[in-house]
Amino acid sequence: QVQLEESGGRLVSAGDSLRLSCAASGRTFSMVAMGWFRRAPGEEREFVGSISWSGGRTYVADSAKGRFTISRDNVKNTMYLQMNSLKPEDTAVYYCAARTGPTEWDYWGQGTQVTVSS
């Protein structure tokens, strides 16, 4: 089992920056990748980006490219989402997830609320 806990979400103004963290515990050695997702009110869950746990290779969705950066600290077993130039449409609950295999996201955190005011 892998446990994930997000933190860092809060109310910010448009144009602000915010960094979310996702701390992993448990069988972290089994993780091959971690990812960020978000769900805005009334919307489907959206993939934001991911990072391979060993090599640190990142992938960021088009909606976040140029503004969001994903990184990780293997020693702290923590993944980060640096969000810059935030927009009201970035308002959502942000979730982190972990994969132990090639495709399916096996573990999920509880989510952290990010609200961007205009």
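Read on for a plain summary of the structure. Just so we're clear, the structure is a prediction, and the values are computed from it rather than from any experiment.

A word on the overall build of the protein chain
Here is step 1 of the chain: Along its length, the protein chain carries zero helices and eleven strands.
Here is step 2 of the chain: Ordered by position from the N terminus, the helices and strands of the protein chain form the series β-β-β-β-β-β-β-β-β-β-β.
Here is step 3 of the chain: For 118 residues, the compact-globule estimate of 2.2 N^0.38 gives 13 Å, and the C-alpha radius of gyration of the protein chain, at 13 Å, lies within 12% of that figure.
Here is step 4 of the chain: Reported as C-alpha extents along the three principal axes, the dimensions of the protein chain are approximately 40 × 25 × 25 Å.
Here is step 5 of the chain: Expressed as a percentage of the 118 residues in the protein chain, the buried residues total 43%.

Some points on the pairing of strand β7 (residues 68-73)
Here is step 1 of the chain: In this sheet, strand β8 (residues 78-83) lies alongside β7 in antiparallel orientation, the contact comprising six bridges. Bridge pairing in β8 places Ile70 opposite Leu81.
Here is step 2 of the chain: Taking the residues that link successive antiparallel strands as the turn, the β7-β8 hairpin has four residues, and the phi of Asn77 there is positive, at about 50°.

Some points on the pairing of strand β1 (residues 2-7)
Here is step 1 of the chain: Only one face of β1 is covered, namely the face carrying Val2, Leu4 and Glu6; the face carrying Gln3, Glu5 and Ser7 is uncovered.
Here is step 2 of the chain: As judged from the six bridges shared by β1 and strand β3 (residues 18-26), these two strands associate in the antiparallel manner. Within β3, the residue paired with Gln3 across the bridge is Ser25.

With respect to the environment of Ser21
Here is step 1 of the chain: Residue position: Ser21 is located in strand β3.
Here is step 2 of the chain: Spatially, the C-alpha atom of Ser21 lies 13 Å from that of Gln3, the residues being 18 residues apart in sequence.
Here is step 3 of the chain: With near-sequence residues (within four places) excluded, Ser21 lies in contact with Glu5, Glu6, Ser7, Trp36, Thr78, Met79 and Tyr80.

Remarks on the side chain of Thr78
Here is step 1 of the chain: Inspection of the secondary structure assignment puts Thr78 in strand β8.
Here is step 2 of the chain: When its relative accessible area of 8% is taken as the criterion, Thr78 is described as buried.
Here is step 3 of the chain: At a separation of 2.9 Å, a polar atom in the side chain of Thr78 contacts the main-chain carbonyl oxygen of Lys76.
Here is step 4 of the chain: Residues contacting Thr78, with those up to four places away along its chain left out, are Ser21, Cys22, Ala23, Trp53, Ser71, Arg72 and Asp73.

Remarks on the sheet that holds β3
Here is step 1 of the chain: Strands sit in the order β1-β3-β8-β7 across an open sheet of four strands; the sheet is antiparallel. With partners counted over all chains shown, the strands left at the sheet margins are β1 and β7, one partner each. Across this sheet, the average inter-strand angle for adjacent strands is 20°, counted without regard to direction.

Points about the state of the cysteines
Here is step 1 of the chain: A full pass over the atoms with the stated rule returns one disulfide.
Here is step 2 of the chain: One disulfide in the model links Cys22 with Cys96; its S-S distance is 2.0 Å. A torsion of 50° about the S-S bond marks the disulfide between Cys22 and Cys96 as right-handed. Here the residue Cys22 occupies a position in strand β3, and Cys96 occupies one in strand β9 (residues 92-99), the gap between them amounting to 74 residues. No difference in accessibility class separates Cys22 from Cys96, as the two residues are buried.

About the cut-offs
Residues numbered from 1 in each chain as written. Predicted model: local features only at pLDDT ≥ 70, side-chain atom pairs only at ≥ 80, totals over all residues. Heavy atoms only, no water. Helix = DSSP H or I, 4+ residues; strand = E, 2+ residues; numbered from the N terminus. Rg over C-alpha atoms; globule rule 2.2 N^0.38 Å. Buried < 20%, exposed > 50% of the residue type's maximum accessible area, 1.4 Å probe, protein only. Pairing = 2+ DSSP bridges. Contact = heavy atoms within 4.5 Å. Polar contact = N/O pair within 3.5 Å; in protein donor to acceptor, adjacent residues only side chain to side chain. Axes fitted to C-alpha atoms, helices over the stretch in contact; angles between N-to-C directions. Disulfide = S-S within 2.5 Å.

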